[in-house]
Amino acid sequence: MLKLGVVLSTMAMVTNWMSQTLPGLVGLNLTKLNVAQSGEVDTLSAGFMPRPDEGWQVFTSAQDADGKCVCTVVAPQQSACSRDARSRQLRQLLEKVQNISQTIEVLDLRTQRDLQYIRRIEDQMQALEKHFQQIQENHKDLIYKNYQEMRKKMEDLEPLIPVLEQYKADTSLIVQFKEELRNLSAVLSQIQDEIGGYDYEELQRRVLDLESRLHTCMQKIICGKLTSLSNPLTIRTSGSRFGAWMTDPLAPSGDNRVWYMDGFLNSRTVREYRSMAAFIKGVDFVLLRLPHPWAGTGQVVYNDSLYFNKFQSNIVVRYGLRTRTILVQNALDDAGSNNMFPYLWGGYSDIDLMVDENGLWAAYSTIGKGGNIVLAKLNPKTLQIINTWDTEFSKRSAGEAFMICGRLYVTNSHLTGSKVYFTYDTNTSTYEYIDIPFHIQYSHISMLDYNPRDRVLYAWNNGHQVLYNVTLSHLVTSNNV
């Protein structure tokens, strides 16, 4: 079994080499991806495997018994080609690249000799660079233009080089990898004078398809366990000591609206800013007046709807931000309200609504649960409860709470010196005590919510609107080839 960190890092080595040989093959951003160095999974479900005659396939939705995500890249089988010699050579080239991708999945961390082999590979890359420089000098037509565009895409992958240098490779597999490179170099040497005969549109189509699949794979493994929080970044200073602000994690590209709700008790006015830049300047906004006042600071915006706790009740309201009307409202059975089970700071924070990668949640408490935090998964359209969990952590002992990847995280205070102290995993129905520093810059907080699109925490910190970057660890493994 191999950790995906090795797979991704070695793919970086391959893509860096290919930046000198086949520009534009694939683009992949690995910013902030932290890969844990342990964990294995079982074989992927056969139902997700592709047909042999299909193109590159990426399958990552499987999980093992521990809930760990699996990401696998499967290459197509080789097939006979009915085209002319040049087309066969292109097919041969693509098959070699596919073989390299398959080889990557089985590299591990067992050897200290990787740097020596990397230097040899770099020599080969430099030799190939000279070949392509000759091609660039001799081709000034449309083929040259397409070639340059693909080259630019490969240059974007150069930041992945440092990732490669952090890992070691298995000696025998490196030898096999070098042999693949030699074979590919031989093919390139034979056909470089006939480059004008290649079907560049087909090559680009395959490259873009692979790139799309790899990005899909990356989106599947974004979830992880919280390991640290950054220092707060102050976005704006405005409003009273208590309030809430947020963006929509499901907003389409280009929709950067910000919603601002000052106060925690019996207020109805919401400011909708056109963009984050407008919010920072305090300009370009419209005022919305809700049909009912809200209680607390646990409001969220999700998929163009504002969700809030109706004042002096345990009712959750869904308000349409386009229609400017109440779309649905529903009571959380037995949930305490009107300052019965607030967080430590009070403020009628009985019901705290949250969103993460898995959807809409509500954290509250009931008399029947002895004041412990009850976590409910809600249907965002109907507000019906899908499932509930008793976390066994007292809500009155919590400073604030937020959800990330199906895990509830709770701070032990709302004041300076607090930390993220407790986490409950809804996937396993288990909890643990943790110790993650949480810097509160301006005395106290009254709102803390995670946005899965931005991967940051939004907080209202004593009249300051601040953001915290989160660092997540990712435990991902891949099956041996």
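Above this text is the structure in question.
To start, this report covers the structure provided alongside it. Note that this is a predicted model, so its numbers are computed, not measured.

**Side note on the sheet that holds strand 9 (residues 265-273)**
Then, in step 1: Reading across the sheet, the four strands line up as 7-8-9-10 and stay open at both edges, with antiparallel pairing between neighbours. In this open sheet, the two strands that pair with only one neighbour each are strand 7 (243-246) and strand 10 (285-295). Taking the axes of each pair of neighbouring strands and ignoring which way they run, one obtains an average angle of 20 degrees across the sheet.
Then, in step 2: Pairing between strand 9 and strand 10: seven bridges, direction antiparallel. Within strand 10, the position partnered with Arg-271 by the bridge is Leu-287.

**Things to note about the nonpolar core**
Then, in step 1: Ranked by size, the top nonpolar core spans 25 residues in total, and within it Trp-245, Val-270, Leu-290 and Leu-306 carry the most contacts.
Then, in step 2: Looking at this core, the elements that each hand over two or more residues are strand 7, strand 8 (258-262), strand 9, strand 10, strand 12 (305-309), strand 13 (315-320) and strand 24 (456-460).
Then, in step 3: The dominant element in this core, judged by the number of residues it contributes, is strand 8, at four residues.
Then, in step 4: When neighbours within four sequence positions are excluded, Leu-306 is seen to be in contact with Met-246, Met-261, Val-270, Leu-290, Gln-299, Val-300, Val-301, Val-317, Arg-318, Tyr-319 and Leu-321.
Then, in step 5: With 20 residues, the next largest nonpolar core counts Leu-226, Phe-438, Ile-440 and Val-470 among its residues.

**Things to note about the pattern of salt bridges**
Then, in step 1: Applying the stated criterion across every chain, the model contains twelve salt bridges.
Then, in step 2: A salt bridge links Asp-255 to Arg-322, with the shortest nitrogen-to-oxygen separation between them at 3.8 Å. Of the two residues, Asp-255 is situated in the loop between strand 7 and strand 8 and Arg-322 in the loop between strand 13 and strand 14 (325-331); the sequence distance between them amounts to 67 residues.
Then, in step 3: For the salt bridge of Arg-453 with Asp-454, the shortest nitrogen-to-oxygen distance reads 3.6 Å.
Then, in step 4: Under the relative-accessibility criterion, Asp-454 is labelled partly exposed at 31%.

**Quick word on the environment of Ser-313**
Then, in step 1: Residue placement: Ser-313 occurs in the loop between strand 12 and strand 13.
Then, in step 2: With relative accessibility at 13%, the residue Ser-313 sits in the buried group.
Then, in step 3: In this structure, the C-alpha to C-alpha distance between Ser-313 and Ser-337, residues 24 residues apart in sequence, is 5.7 Å.
Then, in step 4: In terms of polar contacts, Ser-313 uses its side chain to reach the backbone carbonyl oxygen of Lys-310, at 2.9 Å.

**A look at the packing of aromatic side chains**
Then, in step 1: Under the defined criterion, the tally for this structure stands at 21 aromatic pairs.
Then, in step 2: Taking the centre distance of 5.3 Å and the plane angle of 40 degrees together, the rings of Tyr-260 and Trp-460 count as tilted. Taken together, the residues span a long stretch of sequence, with Tyr-260 in strand 8 and Trp-460 in strand 24 at a distance of 200 residues. Judged on exposure class, the residue Tyr-260 and its partner Trp-460 are both buried.
Then, in step 3: A network of ring pairs unites the aromatic residues Trp-245, Tyr-260, Tyr-273, Phe-279, Phe-285, Tyr-458 and Trp-460 as a single cluster.
Then, in step 4: Between Arg-236 and the ring centre of Tyr-260, over which it is positioned, the NZ or CZ distance is 5.7 Å.
Then, in step 5: Lying across the ring of Trp-361, Lys-377 places its NZ or CZ 5.2 Å from the centre.

**Thoughts on the pairing of strand 8**
Then, in step 1: The element strand 8 is largely enclosed, with a buried count of four among its five residues.
Then, in step 2: Two strands pair when backbone bridges link them, and strand 7 and strand 8 are joined in this way by four bridges, in the antiparallel orientation. By the bridge assignment for strand 8, Met-246 is matched with Trp-259.
Then, in step 3: With three bridges connecting them, strand 8 and strand 9 associate as antiparallel partners. In the strand pairing of strand 9, Val-258 is matched with Tyr-273.
Then, in step 4: Taking the residues that link successive antiparallel strands as the turn, the strand 8-strand 9 hairpin has two residues, and the phi of Gly-263 there is positive, at about 95 degrees.

Quick notes on the rules
- Residues numbered from 1 in each chain as written.
- Predicted model: local features only at pLDDT ≥ 70, side-chain atom pairs only at ≥ 80, totals over all residues.
- Heavy atoms only, no water.
- Pairing = 2+ DSSP bridges.
- Helix = DSSP H or I, 4+ residues; strand = E, 2+ residues; numbered from the N terminus.
- Axes fitted to C-alpha atoms, helices over the stretch in contact; angles between N-to-C directions.
- Core = buried A, V, L, I, M, F, W, Y, C linked by side-chain atoms within 4.5 Å.
- Buried < 20%, exposed > 50% of the residue type's maximum accessible area, 1.4 Å probe, protein only.
- Contact = heavy atoms within 4.5 Å.
- Salt bridge = Lys/Arg side-chain N within 4 Å of Asp/Glu carboxyl O.
- Polar contact = N/O pair within 3.5 Å; in protein donor to acceptor, adjacent residues only side chain to side chain.
- Phe/Tyr/Trp six-rings, centres within 6.5 Å; stacked < 30°, edge-to-face > 60°.
- Lys NZ or Arg CZ within 6 Å of the ring centre and 35° of its normal.

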